[in-house]
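Close look at the chain arrangement
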Amino acid sequence: MLEDTARRRGAMEHTVGLILAATAAVLWGVGGVAAQELFQRHGIDPRWLVAVRMTGAGLLLLAVFRPAWPGRQTVRLLVLGIVGMAATQYTWFAAIAHSDVATATFLQYNAIAITAGWQMLRGEIRPTPRRLAALAAAVVGVALLVLGQRGGLAALRVSPLGVVFGLASAVAFAYYMLASARMVRVIGSGATTAWALSFASVPMLVWNPPWQVHPVGDAVTVTALTGIVVVVSTALAFSLSVAGLRRVTATESAIVSTIEPAVAGLAGALFLGVRLLAPQYLGAALILVAVLLLTAADRPETAVPPPSRPEDDAAARTGSRPVPDSGR
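The following paragraphs examine the structure supplied in this document.

Conventions used here
- Residues numbered from 1 in each chain as written.
- Predicted model: local features only at pLDDT ≥ 70, side-chain atom pairs only at ≥ 80, totals over all residues.
- Heavy atoms only, no water.
- Helix = DSSP H or I, 4+ residues; strand = E, 2+ residues; numbered from the N terminus.
- Buried < 20%, exposed > 50% of the residue type's maximum accessible area, 1.4 Å probe, protein only.
- Areas by Shrake-Rupley, 256 points an atom, 1.4 Å probe, with all protein chains shown as cover.
- Phe/Tyr/Trp six-rings, centres within 6.5 Å; stacked < 30°, edge-to-face > 60°.
- Core = buried A, V, L, I, M, F, W, Y, C linked by side-chain atoms within 4.5 Å.
- Contact = heavy atoms within 4.5 Å.
- Salt bridge = Lys/Arg side-chain N within 4 Å of Asp/Glu carboxyl O.
- Patch = residues over 30% accessible without salt bridge, like charges linked within 9 Å, V, L, I, M, F, W, Y side chains within 5 Å.
- Axes fitted to C-alpha atoms, helices over the stretch in contact; angles between N-to-C directions.
- Parallel < 35°, antiparallel > 145°, perpendicular 65-115°, else oblique.
- Left-handed = near helix turned anticlockwise from the far one by under 90°.
- Nonpolar A, V, L, I, M, F, W, Y, C, P; charged D, E, K, R; others polar.
- Expected span 1.5 Å × (residues − 1).

1. Topic: the overall build of the chain
The secondary structure content of the chain amounts to 13 helices and zero strands. Along the chain direction, N to C, the helices and strands of the chain fall in the order α-α-α-α-α-α-α-α-α-α-α-α-α. Among the 328 residues that make up the chain, the fraction classed as buried is 52%. Carbon and sulfur atoms form 69% of the exposed surface of the chain, whose accessible area is close to 14,900 Å².

2. What about the packing of aromatic side chains?
Applying the stated criterion across every chain, the model contains nine aromatic pairs. Taking 6.2 Å as the distance between ring centres and 5° as the angle between the ring planes, the aromatic pair formed by Phe173 and Tyr176 counts as stacked. Here Tyr176 and Phe173 lie together in helix 7 (residues 160–187), a separation of three residues that amounts to about one turn. Accessibility assignment for this pair places Phe173 and Tyr176 in one class, buried. Each ring, one from Trp195 and one from Phe199, has its centre 5.7 Å from the other, and the planes form 25°; the classification is stacked. Residue Trp195 and its partner Phe199 are both found in helix 8 (residues 189–207); the two are separated by four residues, about one turn of the helix. Since its relative accessible area comes to 11%, Phe199 is described here as buried. Put simply, the rings of Trp28, Tyr109, Phe173, Tyr176 and Phe238 pair up and form one aromatic cluster.

3. As for the nonpolar core
Core analysis: the largest hydrophobic core is formed by 75 residues, its most contacted members being Leu77, Met85, Tyr176, Leu197, Ile255, Val256 and Ile259. Sort the elements by how many residues they give to this core and helix 7 lands first, with 13 residues. In contact with Tyr176, other than residues within four places in its own chain, are Trp28, Leu80, Gly84, Met85, Phe238, Ser241 and Val242.

4. Some remarks on the environment of Ile187
Among the secondary structure elements, Ile187 is positioned in helix 7. Judged by its relative accessible area of 7%, Ile187 falls in the buried class. Sequence separation between Ile187 and Pro67 is 120 residues, and the spatial gap between their C-alpha atoms is 9.1 Å.

5. Re unusual backbone geometry
Backbone geometry places Arg66, a non-glycine residue, at a positive phi of 45°. Judged by relative accessible area, Arg66 falls into the exposed class, the value being 57%.

6. A look at the pattern of salt bridges
Taken as a whole and assessed by the stated rule, the structure comprises five salt bridges. Between Arg41 and Glu37 there is a salt bridge, with its nearest N and O atoms 3.4 Å apart. In this pair, Arg41 and Glu37 are both assigned in helix 1 (residues 2–41), four residues apart and thus about one turn of the helix distant. Residue classification places Glu37 among the buried positions, given a relative accessible area of 16%. Taking the shortest distance from any N to any O, the salt bridge between Arg131 and Glu252 comes out at 3.4 Å. Of this pair, Arg131 sits in helix 6 (residues 129–147) while Glu252 sits in helix 10 (residues 250–256), and the two are 121 residues apart along the sequence. As far as burial versus exposure is concerned, Arg131 and Glu252 are alike and both buried.

7. Let's talk about a nonpolar patch on the surface
Taken together, the side chains of Val75, Leu78, Val79, Ile82 and Val83 make up a nonpolar region of the molecular surface, amounting to roughly 360 Å² of accessible area. Mapping Ile82 onto the fold places it in helix 3 (residues 74–98). Taking the relative accessible area as the measure of exposure, Ile82 reaches 36% and is therefore partly exposed.

8. Digging into the environment of Leu78
Inspection of the secondary structure puts Leu78 in helix 3. As a C-alpha pair, Leu78 and Leu197 span 119 residues in sequence and 9.1 Å in three-dimensional space.

9. Considerations on the packing of helix 7 against helix 8
Contact pair helix 7 / helix 8: the axes reach a minimum separation of 7 Å and the direction vectors enclose 120°. The angle between helix 7 and helix 8 falls in the class oblique. Of the two elements, helix 7 crosses helix 8, and the hand of that crossing is right-handed. Note on element contacts: helix 8 touches helix 7 through Ser189, Ala191 and Thr192, opposite Met183, Val184 and Ile187. Among the residues forming the contact of helix 7 with helix 8, the class breakdown is four nonpolar, two polar and no charged.

10. Notes on helix 6
Working note: α-helix, 3.6 residues per turn, so residues spaced by three or four point in the same direction. With 19 residues, helix 6 extends 26 Å between its outermost C-alpha atoms, agreeing within 8% with the 27 Å of an ideal straight helix rising 1.5 Å per residue. Those residues of helix 6 lying buried are Arg131, Ala134, Leu135, Ala137, Ala138, Gly141, Val142, Ala143, Leu145 and Val146.

11. Observations regarding the packing of helix 2 (residues 46–65) against helix 9 (residues 219–244)
Where helix 2 contacts helix 9, the axes come no closer than 9 Å and their chain directions differ by 55°. The angle between helix 2 and helix 9 places the two elements in the oblique class. Where helix 2 crosses over helix 9, the handedness of that crossing is right-handed. Contacts from Leu49, Val52, Arg53, Gly56, Ala57, Leu60, Leu61 and Phe65 of helix 2 reach helix 9 at Thr226, Val229, Val230, Val231, Ser233, Thr234, Ala235, Phe238 and Ser239. Across the contact of helix 2 with helix 9, the residue classes break down as eleven nonpolar, five polar and one charged.

Listed below in structure tokens is the structure:
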């Protein structure tokens, strides 16, 4: 009886985690459409937008969650913020600048294979048939979304620097998933997101001060679109993503994140007049299949954290104990 109750509770937590990760991916996709409008029609520099979104979201979450100073976890949060968040954003935009969005997307989502390979090699997840099928469906789905455009592989604009930045973005994104999954179990999701975003903003602010922007067009529209990127696709999306990592594995979260390019593509078709071809719709459908496969996973492994390390135990004893998701 107790085992059945625990199993049902674990399955429910697993489903909630997938929903949180999927919602975060949808919000990232919506933010991508808003960012594209800012870049193409209002003269906003992508690097400036990264600085503003990290700073604004970090300050907002610090005010909402009011987390305690992370103490011994400060260095890890610095690395998570700078490498996992700021570097992911910068290398992504740099890959676009040196190639195009399709190429950058194709390269960045190598993060799925990197995350899954790392966790399987370390024995943190089991390579079950259903999980491997979900992984394959997600990878093929992203490939079809990107390569299903008119011209296929020949339409990609590949350059050496574009490839370097795209692969660097994949590594940084995989690191974000893996490091967040560990950190959230130590200090909670609210504190993890608030501090990581705040630390991520520091190098971006030095590099791109907010006052160095000269937008084109209606100021109200620019402000509204920037607000969507900061509040919806950064503060809220990252909070949901990190909260989901308490309930699902980093690999599952990475697979679900492929909803982002699907949402961006469909939103572009609906609101920006971008025409999608049949293979791209098939790719979006395969991504949905991947998510559905995860909801019926053989056995949730979200409650099995990586092996504890002495420094984690020491941090817990000195006040950095796990806290509720609110981060208060």
